[in-house]
Amino acid sequence: MSSIEADKTVCEGIGMCEAQADDYFQVGDDGLVEILTAEVPEPDRGYVKAAIESCPVSALRLLG
């Protein structure tokens, strides 16, 4: 199983991740990404990886 890591010091709250995988990401009231579910099961890995790669400031990483 993979896990998601976010670097809030880089996040600009653009929301591309949330638009593509709203089960895993949400832009919070502070305008920064919140990880709703950190553990990513194998069936969801592809679309979560695509959402992470869509981040224009590379604030997200998929580990494992």
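Our structure is the block above this text.
Source: prediction; values computed, not measured.

**Q** So what's going on with the sheet that holds strand β4 (residues 39–40)? Which residues, and what values?
**A** What the three strands build is an open sheet, ordered β4-β1-β5; its pairing is antiparallel. Only two strands of the sheet have a single neighbouring strand rather than two, namely β4 and β5 (60–63). Pairing of strand β1 (residues 2–6) with β4 involves two bridges; the strand directions are antiparallel. If you follow Ser3 over to β4, its bridge partner there is Glu39. On the sheet, helix α2 (residues 45–53) packs against β1, β4 and β5 and is oriented at approximately 150 degrees with respect to β5.

**Q** Residue-level account of the side chain of Ser2, with values.
**A** Tracing the chain through its elements places Ser2 in strand β1. Among the polar contacts made by the side chain of Ser2, one reaches the main-chain carbonyl oxygen of Gly64 at a distance of 3.2 Å. Other than its neighbours up to four places away in sequence, Ser2 contacts Ala38, Glu39, Val40, Arg45, Leu62, Leu63 and Gly64.

Thresholds, definitions, all that
- Residues numbered from 1 in each chain as written.
- Predicted model: local features only at pLDDT ≥ 70, side-chain atom pairs only at ≥ 80, totals over all residues.
- Heavy atoms only, no water.
- Pairing = 2+ DSSP bridges.
- Helix = DSSP H or I, 4+ residues; strand = E, 2+ residues; numbered from the N terminus.
- Contact = heavy atoms within 4.5 Å.
- Axes fitted to C-alpha atoms, helices over the stretch in contact; angles between N-to-C directions.
- Polar contact = N/O pair within 3.5 Å; in protein donor to acceptor, adjacent residues only side chain to side chain.

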